[in-house]
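Listed below, chain by chain, are the residues.
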Amino acid sequence: MSGGPLTLHVPEPQPCFGKAADSSRLHLSEAGQVRRPAVDVEAAEIRDLAYALIRVLDDGARAAGPWSGACTIEQLRAGLRAMLKTRAYDTRMTMLQRQRKTSFYMQCTGEEAISCGFQPALQSGDMNFPTYRQQGLLIAQDWPVIDMMCQVLSNEKDRMKGRQLPVFYSARGAGFFSISGNLATQYVQAVGWAMASAMRGERSVAAAWIGEGATAENDFHAALVFASVYRPPVVLNVVNNQWAISTAQSVAGGESATFAARAHGYGIPALRVDGNDYLAVHAAASWAVERARKNLGPTLIEWVTHRAAPHSTSDDPSKYRAPEDQTAWPLGDPVDRLKDHLIGLGGWSEARHVQLKAELDEEISVASKAAQGYGTLVEGSKCSPASMFDDVYKLMPPHLREQRQELGF
Amino acid sequence: MPSLTMIEAIRDAMDVMMARDERVVTFGQDVGRFGGVFRCTDGLQRKYGSSRCFDTPISESGIVGVAVGMGAYGLRPVAEIQFADYMYPAYDQLVSEAARLRFRSAGEFSAPIVVRMPCGGGIFGAQTHSQSPEALFTHVAGLKTVIPSNPHDAKGLLIAAIEDDDPVMFLEPKRIYNGPFDGHHDRPIVPWSKHELSETPEGYYTVPIGKAVVRRQGSDVSILAYGTMVHVVEAACQSVGVDAEIIDLRSLVPLDVDTIVRSVTKTGRCLIVHEATRTSGFGAELSALIQERCFYHLEAPVVRVTGWDTPYPHAQEWDYFPSPDRVGRALTRLMGS
Ligand SMILES: Cc1ncc(C[n+]2csc(CCOP(=O)(O)OP(=O)(O)O)c2C)c(N)n1
């Protein structure tokens, strides 16, 4: 103990995975090394898993260990397709924003395996409470991209009637809860949804989503304590993409403990998973959803991944992010890893890959043209200004009717 | 005098105060290394070190809560909330704690904090990047609330806020960060360098909290506005050709009642303009006050032009934003009655 004056610890904002200290914070494990407990395990028996990393694919893209073998080749090809389609969608929507056809866009580049690998573990009637970076949940279930595009363009076919910021989708039919914009609020709502399913004696499961940065919000902690008390059927996902706009995960508390470890303070079982490994994602998601469906309660999963793109189209990472952050990232790209794995299994080829990418680009391009045919934020038709007075309440009160008239409708 | 943008003026105020007073510290989401998503704290960490300007976790209640603790200790924290729309998780710390600490401890403890937040629309930010929550602060006993409309006032008011011994909510209309905006969204953007109120004295000066300013003398009607709406009102008066007296309130609590009463007593007419929703908005308070103090001088009912009582929409932004046209029509009606 030093006798000098106190000093404030301010975390190093910049991770660099090339440096041993920073890489050790990732708590990497070898592929296939981490055990797969029975789904009815108690939290106390798997505390070590909060400081390990479940990985199936090794550096040579071969599958290993107890979490492998959960997917057929067909399922893997569908997963690859969903990830590629998500990427093609993101590229096209970013381009539309650059062309000023809409105001804003957010990509999930580098994180596609998480939502695309998670969604197949769910079934109809389940509900995701997503953030703005889980478009893969919709795309993996073949939700029409044109519907998403119309929302991004705020045009006349936007089911949200031009009210919401681009990417703040809502798709009840796809088990996709309306996106808020205020971070973390959805996390505790997912717990409430899951509690309702249990209260009514039904079988549906909720999936809560949050970024590691937003775990600092009160609602994250409220969600964990409610989940701990009532043990509802909810999967508590934390997507640790290392960055929250300009601040590294250390500013969210990642320097002192893993995000998975937080669950243990509440007695909730936790897994920590390589989020860039489609096979690991699918296996861990299925494990947690099975626990939930069997009335065994909540599971927290920290998905370790890397935000490869800017935070949003309003962001310029060159101001805060060193180029090595990208190059030294040790867990690779989820699309490349699954592609190489499938090729290794004899179920895929470079040529088929190129062809699929071209097909998807074409599909997205056709949909994008069709969507623009219904208008964009700046051109063509959009929802009437009169509609902004709808849905504030179920029945429009007199003062809103009066204001709508004042606007000329 | 150098011409500054609103962002530069706000940064300059913090710079001046951090240099003068070691107790002044600033923090918030993306505030430290990056310098804030709107760049208001750019360079302060490099200049004053990371224990006086730093990034925080994404927890608004945490940000305001630690500010209260630091303020009670004796520091002068300037906390940034990234968007006013994200203030709500901090609301309990503001309303139940910062606002009442002095009262409940009979002066033993206090919270001399400033909470800065960008507010208002006009940037296609939709419901979560456009709100004007000033009335949620003015309704709370113990909080002061200020909103500058130009770089000169922004710097002077922020310095006054940092020196103030009570908690001050400092609202920054983000649409005028980089240039004055009169509501004509289809016209070219005007930079602050073209506006005389971007001329900002170097170093230390204050604009007193609680003092409004008459932006334009006039005899037909008094217009009360603040923030972006001051510019919208100026444009509307020009196009309608009314000899209006335009009062930029700058400080909502405490309010410069004398300046308002003097003007309305003289003109006999009053228009109130704000971007926030109408019902229980700050305009309602102003209107009641004028009724109480100027009733026998009024020649027409007080009129309000405000945002509609709906969440802020994305695609219909310009149908929501109180336009110079809407203000102009209200003026014409008011002059005719
Ligand atoms: C309550 C609230 N505070 C602040 C913001 C502004 N904001 C939007 S995204 C973001 C960073 C979130 O980072 P993280 O949770 O790690 O998710 P990621 O963007 O990396 O997916 C911030 C601070 C917000 N939307 N809501």
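Under an unreviewed UniProt entry, the name given to chain B is 3-methyl-2-oxobutanoate dehydrogenase (2-methylpropanoyl-transferring), and the source organism is Bradyrhizobium jicamae. Chain B has a UniProt comment under Cofactor (unreviewed entry) that states "thiamine diphosphate".

Chain A is annotated in an unreviewed UniProt entry as 2-oxoisovalerate dehydrogenase subunit alpha of Bradyrhizobium jicamae. Entered under Catalytic activity (unreviewed entry) in the UniProt record, the comment concerning chain A runs "N(6)-[(R)-lipoyl]-L-lysyl-[protein] + 3-methyl-2-oxobutanoate + H(+) = N(6)-[(R)-S(8)-2-methylpropanoyldihydrolipoyl]-L-lysyl-[protein] + CO2". UniProt, in the comment section headed Sequence similarities (unreviewed entry), describes chain A in these words: "Belongs to the BCKDHA family."

*Asks:* Just to check I follow, could you spell out the site of the ligand for this structure?
*Replies:* Contacts to the ligand come from 20 residues, most closely from Tyr132(A), Arg133(A), Gly181(A), Trp243(A) and Glu60(B). Positioned at a junction of chains, the ligand has nearby residues supplied by chains A and B. Take Tyr132(A): an N or O atom from its side chain is 2.7 Å from an oxygen atom of the ligand. Contact with the protein chains removes 96% of the 590 Å² of surface that the ligand exposes when unbound. Looking at the shell around the ligand residue by residue, the classes come out as eight nonpolar, eight polar and four charged.

*Asks:* When you look at the UniProt feature "domain: Transketolase-like pyrimidine-binding" (unreviewed entry) in chain B in this model, what are you seeing that I'm missing?
*Replies:* Taking the UniProt record as the reference, the feature "domain: Transketolase-like pyrimidine-binding" (unreviewed entry) is found at residues 4-179 of chain B. Its end C-alpha atoms 10 Å apart, residues 4-179 of chain B is made of 36% helix and 16% strand.

*Asks:* Got a minute to help me understand the packing of aromatic side chains in this structure?
*Replies:* Ring pairs (aromatic) are described by centroid distance and by the angle formed between their planes. Residue and element names in this part refer to chain B. With the rule as written, the count across this model stands at 23 aromatic pairs over all chains. Measuring from centroid to centroid gives 5.3 Å for Trp318 and Phe321, while their planes differ by 70 degrees, and the two rings are edge-to-face. Grouping aromatic residues by their ring pairs yields a cluster made of Phe38, Phe83, Tyr86 and Tyr177. Looking at Arg20, its charged tip hangs above the ring of Tyr204, at a distance of 3.8 Å from the centre.

Conventions we followed
Residues numbered from 1 in each chain as written. Chains lettered and ligands numbered in written order. Predicted model: local features only at pLDDT ≥ 70, side-chain atom pairs only at ≥ 80, totals over all residues. Heavy atoms only, no water. UniProt positions renumbered as here; feature names shortened; annotations may be inferred. Near = heavy atom within 4 Å. Polar contact = N/O pair within 3.5 Å; in protein donor to acceptor, adjacent residues only side chain to side chain. Areas by Shrake-Rupley, 256 points an atom, 1.4 Å probe, with all protein chains shown as cover. Nonpolar A, V, L, I, M, F, W, Y, C, P; charged D, E, K, R; others polar. Helix = DSSP H or I, 4+ residues; strand = E, 2+ residues; numbered from the N terminus. Phe/Tyr/Trp six-rings, centres within 6.5 Å; stacked < 30°, edge-to-face > 60°. Lys NZ or Arg CZ within 6 Å of the ring centre and 35° of its normal.

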